[in-house]
Amino acid sequence: MTETSKTWRAEPLSWGGGPRQFEMFLEPTCPFSAKAFTKLDETLAAAGADNVTIKIRLHSQPWHMYSGVVVRCVLAASTLPTGKEAAKAVLAAVAAHREEFEFTRHCGGSNMDATPNQIIARLENYSGVKLAAAFAIPNLDREVKWHAKYARQNGIHVSPTFMIDGLAQPDMSSGDEVSDWVSRLLAN
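Because the structure is predicted, anything quoted here is derived from the model rather than measured. (Residues numbered from 1 in each chain as written. Predicted model: local features only at pLDDT ≥ 70, side-chain atom pairs only at ≥ 80, totals over all residues. Heavy atoms only, no water.)

(A) Examining the overall build of the protein more closely. Across its full length, the protein holds eight helices and five strands. Counting from the amino terminus, the protein carries its helices and strands in the arrangement β-β-α-α-β-α-α-α-α-α-β-β-α. A compact globule built from 188 residues should have a C-alpha radius of gyration of about 16 Å, and the protein, at 16 Å, falls within 12% of that. Its C-alpha atoms put the protein at 50 × 40 × 30 Å along the principal axes. (Helix = DSSP H or I, 4+ residues; strand = E, 2+ residues; numbered from the N terminus. Rg over C-alpha atoms; globule rule 2.2 N^0.38 Å.)

Below, the structure written as structure tokens:
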């Protein structure tokens, strides 16, 4: 697949292959979502990839001013040859350098002068993933819209929000220990 082809596919952001479904609705520039994202691998390892499937659902939020650009970058990365692993690298880059993709108090700071192209270049630099051409894929917005619609139909408002087997878990938090998540995931 090339970024300029008429046919492209965004690889689902899903890890593991177990019957329990753990969905994480994340806004990449949100500090709490970043904290939850950094627990993905540990959670999968502790719960067992044969027991659980972890799915990241991107949940763009307008109060995080570059949310739409960053979410589109993550989805653009998922269309590249390394698919979800490229998307994961972009998410990790945002989590590690979150302040460079967010506004101070959601309304100020140095990012007031940043352009979308500068945000894309920062993500390319930190992640090592070439995003610019994939970001410009015509109709990539269908993936962004799918994530938004899916969150909306499930009543998701804030990030992170977690669902287990299709049921929202309002008492789960990014501040929970991985062992707490795993206990809930493996409970009958």
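(B) Quick peek at the side chain of T53. With respect to the helices and strands, T53 occurs in strand β3 (residues 52-58). Judged by relative accessible area, which is 6%, T53 ranks as buried. Of the polar contacts made by the side chain of T53, one reaches the backbone oxygen of G18; its length is 2.7 Å. Contact partners of T53, with chain neighbours within four places excluded, come to S14, W15, G16, G17, G18, R20, Q21 and F22. (Buried < 20%, exposed > 50% of the residue type's maximum accessible area, 1.4 Å probe, protein only. Polar contact = N/O pair within 3.5 Å; in protein donor to acceptor, adjacent residues only side chain to side chain. Contact = heavy atoms within 4.5 Å.)

(C) Spatial organisation of the packing of aromatic side chains. Taken as a whole and assessed by the stated rule, the structure comprises five aromatic pairs. A ring pair is formed by F25 and Y150, whose centres lie 6.0 Å apart and whose planes are at 10°; its orientation type is stacked. Taken together, the residues F25 in strand β2 (residues 20-26) and Y150 in helix α7 (residues 141-153) connect sequence positions 125 residues apart. With relative accessibility at 0%, the residue F25 sits in the buried group. By relative accessible area, Y150 is classed as buried at 17%. (Phe/Tyr/Trp six-rings, centres within 6.5 Å; stacked < 30°, edge-to-face > 60°.)

(D) Representation of the sheet that holds strand β1 (residues 14-16) within the structure. The strand order across the open sheet formed by five strands is β1-β3-β2-β4-β5, and the pairing between neighbours is mixed. The sheet is open, and its two edges are formed by β1 and β5 (167-168), each paired on a single side. With seven bridges connecting them, β2 and β3 associate as parallel partners. Bridge pairing in β3 places R20 opposite V52. Seen against the sheet, helix α2 (residues 40-47) touches β1, β2 and β3 and runs at an angle of roughly 160° to β3. Packing against the sheet, helix α4 (residues 83-96) makes contact with β1 and β3, and its axis sits at approximately 105° to β1. (Pairing = 2+ DSSP bridges. Axes fitted to C-alpha atoms, helices over the stretch in contact; angles between N-to-C directions.)

(E) Inspection of helix α3 (residues 67-77) at higher detail. By the criterion of burial, α3 is predominantly enclosed, with ten of the eleven residues buried. Of the positions making up α3, those classed as buried are S67, V69, V70, V71, R72, C73, V74, L75, A76 and A77. Looking at the buried residues of α3, the elements they touch are β3, α4, α5 (116-127), α6 (132-135) and α7.

(F) Up close: the pattern of salt bridges. The final tally for this structure, using the stated rule, is six salt bridges. With a closest N to O distance of 3.0 Å, D171 and R184 form a salt bridge. Note that D171 is positioned in the loop between β5 and α8 (178-186) and R184 in helix α8, a separation of 13 residues in sequence. On the basis of relative accessibility, which here comes to 53%, the residue D171 falls in the exposed class. Its relative accessible area of 26% is what places R184 among the partly exposed residues. (Salt bridge = Lys/Arg side-chain N within 4 Å of Asp/Glu carboxyl O.)

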